[in-house]
Structure formats: C-alpha cells, structure tokens
Amino acid sequence: MSTDISIGNEIKDSYKETHKWVQNNIKWLSELESFYRDRAKLEKEYSDKLSQMVGEYFSKKSGNTVALSVGDTPTITPGSLEAASLVAWNEILSQTEMISKDHNKLANEYEFQIADQMLALNKKCEMILTTIGGFNDELTSKRDQSYHSLEKAKKRYDESCSNMEAARQRQSRSSGDKAQRKVAEKESEMNICKNDYLIKINQANRIKDKYYFQDVPEVLDLLQDLNESRTHILNQLWIKADSLERELNERVNSRLDTADSVIVQNKPHLDVSMFIKHNAKAWKEPTDFTYIPSSVWHEDEQFVVPSNVELQELRIRLAKAQQTYDNLS
C-alpha cells in the first residue's frame, strides 16, 4: 500500500463507500477482459482472411507464371524458372502469408496471456474482497454485541433501580426486619447492576474507539491495498499487451524488410533478358521489294517525268511528306 496516503486515515467510517468503489473497479476487469478477447477475435479473423487471400493470389500467380515470364509461345520452355518480377511477387506473397501467421500468434497471445490473466485477476480480487468483507462483518458483529450488552446492562440497572424504589416504598409502610432486609437486598442488586452498567460503558467505549480508530482504518487500508495491487497487476498486463503488439510490428517490419531485399534485386532488364533468352530463334531478313514491269507496258524502274504534270505531283507529295516529318520531329 502507498505509504504517503491512507483511506483509513483520511476518510472515517467509510467501509460501504470504499467497498463499493473497490468492487466497481474489480468488476471493470470483466470489461477489459472482453476488450482483449474481442481484439483477439479480430486479429484471428484478419489472419484467416489474409491467409485465404494469399492462397488465392498464389493460385493466380501459378497460372500466369509462364505467360508473364516468357510469353505465350516461347521457343524454350522455362521449366521452374520464373521472371525476376515474379520472384519478387512470390516473396511478397510469402511474407504476407507469414504476416497472417503473426497476427494469428498475436490473437492467441491476447487470449491466453492477457484476457485469461485478467479473468484470473478478477477472480482473485473477488475472493480477497469477500475475505475482507467477512473480516469487516466479524468486527462489526463484535462492536454490535458490545452495544447490545451495554443496552441490556442499562436495562437491568433501570429495572434494579425500579425494584429498589418499590422495596423502599414498601419498607416505608412497614418497618419490619423483613422489609428492611428486602431493601438492603434490592440496594445491593442495584449497586451491582450499576457497577456492571459502568463496566459495560467502559467496555463499549473501548470497543467503539478500537473499531473506529483501529479496526475500520485497517479494513479500509486492506481495501486500498487490494485496489492498488489490482492496479499494479493491471498495469503489468497492459504493458505486456503493448509489448506483444510491438513484437508483432517488429516481426511484420522484418517480413517487409525481407520482401524489400528481394524487390531491390528485381532490376528492370532481368525480365527482358529472360524473355529474349526463351524466345530467341533463327530469323532471316525478308528481301527487299523490286520493281515488276507491267505485263502490257514494258519499262524500267526509273522515275518518269516527261512534263510539269508529273513533276508537280511529285513536288506536292514531297511537301506533304516534309510537313508530316516536321510535325513528328
């Protein structure tokens, strides 16, 4: 318990209020437990969906590997070889699959290392709170017994005083020895009852002082200690939960770093080189086209410009070609 603050010293006779406050904070643990179980459920669902998605894209990749690596009609089949881009994509999918497992791991950790521990803390705190309640009931019962004993002593004293007064009145009407002895007897009884009443007053006051200045403060400090212990353990569980998520993020970062290391090796020319290698084939350049004379008009392949008409037509074509060239350059 904190040494610089004490509920027992600061708030007098506040068992009910303090007990209810501590009880509310213990019940709150159920809400926190539910949070981490729901969080674990979400992580598990994300893990399952991510794993399913990765499986689908692995299947798509398998069906497209040859076409993406060497085209649809390669001269050489690539076998198990893949283009560099596909190697990088395969690594991304593989690391994503590992990330899905990381999230599943976090789900299990939240479930067993956090939520279950909060449930255990809840049960333990409830048990201790019940024990403190029993202790308080025992102390209250002893106090109430002393109060009840005092009331009975006062009642006996009042009755003995009444009996003494009645005996005295009878003795005043009769001066016999018997009446005098009766008065003496009732007086002794009255004095005994008075002494007992005074003793019970002192006992009740001592018990009252002990109850309000020692017992109740001790019970309140026990409740305070329970609440502070609960907070201490709860803080440890929260820090543990944060640590588990940081570890997940570190693993995910490591997966992404691994994928990055493969991606940077995917040089743009590698896919091209593989495609060329698996599509190279013997090739003969087609022959140039040559002039074929008309079957009815035999001439050679020389331009014919017998007049300005033919020359003008050629100039027009040249101008159009020059304009097209200028637009494209």
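Scroll up for the structure.
## Things to note about a nonpolar patch on the surface
Step number 1: A cluster of nonpolar side chains, Met53, Tyr57 and Trp89, forms an exposed patch at the surface whose accessible area comes to about 270 Å².
Step number 2: Tracing the backbone through its elements, the reader meets Tyr57 in helix α2 (residues 15-70).
Step number 3: Note on Tyr57: relative accessible area 35%, which makes it partly exposed.

## Description of the packing of α2 against helix α4 (residues 177-263)
Helices that pack against each other are described as a pair by the angle of their axes relative to one another and the distance between those axes.
Step number 1: Between α2 and α4, the least distance of the axes is 10 Å, while the angle of their chain directions is 15°. Classified by the angle between their axes, α2 and α4 sit roughly parallel to one another. Of the two possible hands of crossing, α2 and α4 adopt the one that is left-handed. The segment α2 lies against α4, with Tyr15, Thr18, His19, Trp21, Val22, Asn25, Ile26, Trp28, Leu29, Leu32, Tyr36 and Arg39 engaging Val219, Leu220, Leu223, Leu226, Asn227, Arg230, Leu234, Trp238, Ala241 and Glu245.

## Some remarks on the nonpolar core
Step number 1: Residues Tyr36, Tyr110, Ile114, Met118, Leu223 and Leu226 are the most contacted members of the largest nonpolar core, which totals 33 residues.
Step number 2: Looking at this core, the elements with two or more residues in it are α2, α3 (84-173) and α4.
Step number 3: Filtering out sequence-adjacent residues up to four positions away, Ile114 remains in contact with Tyr36, Glu109, Leu237, Lys240, Ala241 and Leu244.
Step number 4: Ala153, Met190, Cys193 and Tyr197 belong to the second largest nonpolar core, which has 8 residues in total.

## Digging into the pattern of salt bridges
Step number 1: A full pass over the atoms with the stated rule returns 20 salt bridges.
Step number 2: Here Arg156 and Asp196 are joined by a salt bridge, their closest N and O atoms 2.9 Å apart. Of the two residues, Arg156 is situated in helix α3 and Asp196 in helix α4; the sequence distance between them amounts to 40 residues.
Step number 3: Under the relative-accessibility criterion, Arg156 is labelled partly exposed at 36%.
Step number 4: Assessed through its relative accessible area of 22%, Asp196 is described here as partly exposed.
Step number 5: Between Lys210 and Asp215 there is a salt bridge, with its nearest N and O atoms 2.7 Å apart.

Parameters and conventions
Residues numbered from 1 in each chain as written. Predicted model: local features only at pLDDT ≥ 70, side-chain atom pairs only at ≥ 80, totals over all residues. Heavy atoms only, no water. Patch = residues over 30% accessible without salt bridge, like charges linked within 9 Å, V, L, I, M, F, W, Y side chains within 5 Å. Areas by Shrake-Rupley, 256 points an atom, 1.4 Å probe, with all protein chains shown as cover. Salt bridge = Lys/Arg side-chain N within 4 Å of Asp/Glu carboxyl O. Helix = DSSP H or I, 4+ residues; strand = E, 2+ residues; numbered from the N terminus. Buried < 20%, exposed > 50% of the residue type's maximum accessible area, 1.4 Å probe, protein only. Axes fitted to C-alpha atoms, helices over the stretch in contact; angles between N-to-C directions. Parallel < 35°, antiparallel > 145°, perpendicular 65-115°, else oblique. Left-handed = near helix turned anticlockwise from the far one by under 90°. Contact = heavy atoms within 4.5 Å. Core = buried A, V, L, I, M, F, W, Y, C linked by side-chain atoms within 4.5 Å.

By themselves, these figures tell us nothing about what the structure is for.
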